Structures are given as structure tokens and as C-alpha cells.
Amino acid sequence: MKLENTVKPQIKNLPVYETGKPIEYVAREFGLDPDGILKMASNENPLGASPKAVEAVSKHLGTLNYYPDGGCYELRQKLSKKWNLKPSQFAFGNGSNEILEFIAQCFVDRGDETVFGAQSFIVYKLATIFMGGKCVSVPMPDLKYDLDALRDAVTDKTKIVFMTNPNNPTGCVVKQSEVENFVRSLPEHVVFCYDEAYTEYQDEQVDLRPLIAEGRNVICLRTFSKIYGLAGLRIGYSYSSEELAGYINRVREPFNVNSLAQVGAMAALDDAEFVAESKRINDAGRKQFVEAFEKNGLTYFSDGANFVMVRVKDAQRVFVEMQKRGVIVRPNAGYGLPEWLRITIGKPEQNARCIDELLKFAK
Ligand SMILES: *Cc1c(COP(=O)(O)O)cnc(C)c1O
């Protein structure tokens, strides 16, 4: 049976998202003890999960026979208070990744265009192609956003402009006034999808709620996977106008966010101490990496977020050699950056081990 001509062409040709390599894979491939492997490849929180979230999740294990609350009522109320927005302005996803797909499902049809930075989160591309849309990928000189070029790429066919700030994988940061001016320059038919996955790691956070209040087509995405340490639970949310949130609610499946994720997310929101400690460890770790890169004359990027990018001679080789020694980092060939490695910032001793192994092969 040949499905080749039955499958949609955009699915047949869809590039596969390469995730950070799981510890168990590396252990099997190189014959290593999984306990000794250090994964710094997926921007996971090195402190683990928020302890309050872990406690709340454990307490709810007895309710797994019930379907979750499809409307995420309690979490929605809590976020509504936190952000001073209406409960109906939120939408929830099995990770914010799922919300990115919902946004593409809502707005992108065959032939429609989306605009994003060439070295920006690969899911923007995948979600667009999935819907039969056309990706307009805008060059990022010095691996930073070129907002004028991004604006110039917007046409009558553009449905969505995606932006991550700080950007993944390059870590570059755009300021509040720059984002605001950019959004105000967009035509009314365009949705601006603003991905805030790493915003909590910054000292100052961009706030686009005023633009939403003004009636701009802005949707902001947040995740519990990064600073809250809940990547395994799969939960993220968006806030936008009620209208936009309403469209997203039409395409999601009724129980897309599981019950433990909802409970864990609520507890994590109350865990200010864990969030503060995660940021503190991250700030210190960034300094540690930057000092090592400076001292050894390596080119790097590290403006925001919980990772650094460093340029090495042969990133694929360094990636493999480091794995043999039990350290997993992330190559970026998929982003057209074959000389760069992305490294998630860890605890001091983890960073030291990573730097040690990296320096053996970097030049
Ligand atoms: C990690 C990340 C997310 C969050 O993904 P989840 O699906 O919520 O785990 C979203 N956007 C970017 C740019 C990311 O790096």
C-alpha cells in the first residue's frame, strides 16, 4: 500500500523537530551510566521542578480516573488576578508549543504567509508548513532581530508574525519600546505572536498588555516548562483579546491540558522563592560561562534567557565528543548555524564540568 500520493505534500516534506538528546539515548549510544550524564540541551531548569508544584501534583495522584477540567477554571482565575486581565482572555495548551500550533490552525491556510526571524524557534516554521502556509524567514544579521526587515517582509498575505524575546536559540533581546513600535507598524489583518518562554530570566520584562488593551492583534505565550521547571507536565498559556482566545478555544481538543499539569502550574505560580532562586542561579551561571568564553577568546551570545550560544570550530564534533564524556549540549545546524552550540545554564558545578569538556575541543 502506497501512501506517498495520499499523504498531504506538506506533511511528507515536513522537517522533523530535533529535540535535545535525552539522557537515556546518550547512555545507550555511548555505554554510559545515565546517572553521570549532564543534559544541558533543552533549557530545562537545573534546580528541578518547583517543590510546591511537586507536592501539589503528588497530592492529586488519586484523581487520575477523572477527566481534567477542560476549561482550566481555577488556573484561569489565578492568572486573571496575576495579570489583571479577564479570565476569558486566556487560552491553555499542552505546552505553549501546542498553542503555537493552534494559532497556525486558526489563521494560516494554504498559500498564506507567516513571518519570523531566520534563527528563531523552529516550531514557527513547522506550524506554518503543517497548515500548508508559506514561511517568510527574515535574515538576522549578527543573530539579532532586524525589525525593519521583519516589517518589510509583511505583505497582504501575511497572517502571523512570530517573535521570541529573548530569542531562542540566539538569546538576543528586543526592548519594550522597540516591540511596541513594531507592533504599531503592523497592518490590522496581522496577528503578532509574542513568545515569552524565557522572559522571567530577564531583569526587566516587556509588557504587551497595553497593546492588547488598545485592541491590537497581539497574543502573548507563556510556559511552565522553563523557570517553573515543569517541562515534563506540558502546560503553557496565552493571553490576548477575548476574540483571539475564543478562536483558539475552537480548535483545541476538549481535554488538552491534563489535571496534574493544572494543579502543578497553580502551585508553581505561588512558588516565588523557587522562581527567584532559579533566576539567581541562572544569572550566576551566565557570568561563569561568559568569563570562561572571554578568557579563552571564544565568540558567544548571552543577552537573556537560560542558555548561552558559543561558536566553536566544528560544532558537530564537539557535540559528539562532549557526549562521550557525558555532557549533552545542542548543535544548531538546523538553524543554519553549524558552528554554534547552545548550552543551557546549569548549577555552578555543572557549568564548570561543561566548560571543562567544551574547552578540550572548542578550537
Ligand atoms: C521552550 C520554549 C517554549 C515552551 O515550550 P513548551 O511547549 O511550553 O514546553 C516555547 N517557545 C520557545 C521559543 C521555547 O524555547
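Above this text is the structure in question.
Anyway, here's the lowdown on the structure attached to this text.

Cut-offs applied
Residues numbered from 1 in each chain as written. Predicted model: local features only at pLDDT ≥ 70, side-chain atom pairs only at ≥ 80, totals over all residues. Heavy atoms only, no water. Near = heavy atom within 4 Å. Polar contact = N/O pair within 3.5 Å; in protein donor to acceptor, adjacent residues only side chain to side chain. Areas by Shrake-Rupley, 256 points an atom, 1.4 Å probe, with all protein chains shown as cover. Pairing = 2+ DSSP bridges. Helix = DSSP H or I, 4+ residues; strand = E, 2+ residues; numbered from the N terminus. Axes fitted to C-alpha atoms, helices over the stretch in contact; angles between N-to-C directions. Disulfide = S-S within 2.5 Å.

Description of the site of the ligand
- Around the ligand, a shell composed of 13 residues is seen, among which Asp195, Tyr198, Thr223, Ser225 and Lys226 lie nearest.
- Between the ligand and the protein, one listed contact pairs an oxygen atom with a side-chain N or O atom of Asn168 at 2.7 Å.
- For the ligand, an oxygen atom lies 2.5 Å from a polar atom in the side chain of Thr223.
- About the coverage of the ligand: the protein hides 93% of its 380 Å² of free accessible area.

Describing the sheet that holds strand S5 (residues 158–164)
- Ordered by their spatial adjacency, seven strands build an open sheet running S2-S8-S7-S6-S5-S3-S4, and the pairing between neighbours is mixed. At either margin of the open sheet sits one strand with a lone partner, and together these are strand S2 (90–93) and strand S4 (134–138). When the angles between neighbouring strand axes are averaged without regard to direction, this sheet yields 20°.
- Where strand S3 (residues 113–117) meets S4, five bridges bridge the pair, whose relative direction is parallel. Bridge pairing in S4 places Gly117 opposite Val138.

Looking at the state of the cysteines
- Counted according to the given criterion, the structure contains zero disulfides.
- Cys135 forms no disulfide, and the closest cysteine sulfur to it belongs to Cys193, at a distance of 14 Å.
- Between Cys220, a free cysteine, and Cys193, which holds the nearest cysteine sulfur, the sulfur-to-sulfur gap is 8.5 Å.

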